[in-house]
Amino acid sequence: RVALTFANMGYKDFFDNWMGHARTLGWSNVLVGAIDDAMQAYCKQQGIASLSMNSTTSLADELGVQAHEDVQRASLASSDFRSSSHTFHKMGGEKVALVLGILELGMDVLLSDSDTVWMRDPWRYLQAFNNADVLVTSDCPSLYGDRRDYDPRN
């Protein structure tokens, strides 16, 4: 099993906090999807296992699906890839491809964003759902509220 997160140097403070809590919990099974070269170098310097996201096969290639040309051209080098919907979607595909690769190795994956903090080790809790293939949480409490055209005044 592996605890997986993604980070770039634009989110280094979040990542350092995530990693600090992972160490407090005694996790030695951490993998970081390094979104930029600076984060890859930082992880190497810190002795943290990481994989450059530029080295993974894109999800579109993996599944034989043609991604929209704007998504294909998007660069993951930006410190804030959420500012571009094309870049954000490309990163989503890369995340899925990496998770799929780990699952195909027969490993369990605990995927969490680097702005998440684990106060207690969730592995024991998750084992209670041993018949489940996938468990998901969301930081979107309202499907309506997550829409771009949502106006809470209406």
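Residues numbered from 1 in each chain as written. Predicted model: local features only at pLDDT ≥ 70, side-chain atom pairs only at ≥ 80, totals over all residues. Heavy atoms only, no water.

**Focus on the pattern of salt bridges**
Inference 1: On inspection of all chains with the given rule, the structure shows 2 salt bridges.
Inference 2: Between Asp16 and Lys12 there is a salt bridge; the shortest N-O distance is 2.6 Å. Placement of both Asp16 and Lys12 in helix H1 (residues 12-24) is noted, with a separation of 4 residues, approximately one turn of the helix.
Inference 3: Here Asp113 and Lys95 are joined by a salt bridge, their closest N and O atoms 3.9 Å apart. On the criterion of sequence distance, the pair formed by Asp113 in the loop between strand E4 (109-111) and helix H6 (123-127) and Lys95 in helix H5 (residues 85-104) is long-range, its members being 18 residues apart. (Salt bridge = Lys/Arg side-chain N within 4 Å of Asp/Glu carboxyl O. Helix = DSSP H or I, 4+ residues; strand = E, 2+ residues; numbered from the N terminus.)

**Considerations on the sheet that holds strand E3 (residues 50-52)**
Inference 1: Strand order in the open sheet made by the 4 strands is E3-E2-E1-E4, with parallel pairing throughout. Strand pairing shows two members of the sheet lacking a second neighbour, E3 and E4, which therefore form its edges. Averaged over all neighbouring strand pairs, the angle between strand axes comes to 25 degrees, with direction disregarded.
Inference 2: Note that strand E2 (residues 30-34) and E3 share 3 bridges and pair parallel. When the sheet's bridge partners are listed, Gly33 is paired in E3 with Leu51.
Inference 3: Against the sheet, H1 touches strand E1 (2-7) and E2, its axis set at about 165 degrees to E1. (Pairing = 2+ DSSP bridges. Axes fitted to C-alpha atoms, helices over the stretch in contact; angles between N-to-C directions. Contact = heavy atoms within 4.5 Å.)

**Describing the pairing of E2**
Inference 1: Across the 5 residues of E2, 5 count as buried, placing the element largely inside the fold.
Inference 2: The alternating pattern of E2 places Val30, Val32 and Ala34 and Leu31 and Gly33 on opposite faces, both of which are buried.
Inference 3: Alignment of E1 against E2, held across 5 bridges, turns out to be parallel. Within E2, the position partnered with Leu4 by the bridge is Leu31.
Inference 4: On the question of chirality, the crossover connecting E1 to the parallel E2 by way of H1 is right-handed.
Inference 5: Handedness of the crossover is the feature at issue here: the chain leaves E2, passes through helix H2 (residues 37-46), returns alongside E3, and the resulting connection is right-handed. (Buried < 20%, exposed > 50% of the residue type's maximum accessible area, 1.4 Å probe, protein only. Right-handed = clockwise from strand over helix to strand, strands pointing away.)

**A short note on the packing of aromatic side chains**
Inference 1: Scanning all chains against the criterion turns up 4 aromatic pairs.
Inference 2: A centroid spacing of 6.4 Å and a plane angle of 75 degrees characterise the contact between Phe15 and Tyr42, whose relative ring orientation is edge-to-face. Here the residue Phe15 occupies a position in helix H1, and Tyr42 occupies one in helix H2, the gap between them amounting to 27 residues. Here Phe15 matches Tyr42 in class, with each residue buried. (Phe/Tyr/Trp six-rings, centres within 6.5 Å; stacked < 30°, edge-to-face > 60°.)

**A closer look at the nonpolar core**
Inference 1: Counting 16 residues, the largest nonpolar core has Phe15, Trp18, Trp27, Val30 and Met39 as its most contacted members.
Inference 2: Excluding its chain neighbours within four sequence positions, the residues that come into contact with Trp18 are Ala3, Leu4, Thr5, Trp27, Val30, Ser112, Asp113, Ser114, Thr116 and Trp118.
Inference 3: Leu4, Leu31, Ile35 and Val99 belong to the second largest nonpolar core, which has 10 residues in total. (Core = buried A, V, L, I, M, F, W, Y, C linked by side-chain atoms within 4.5 Å.)

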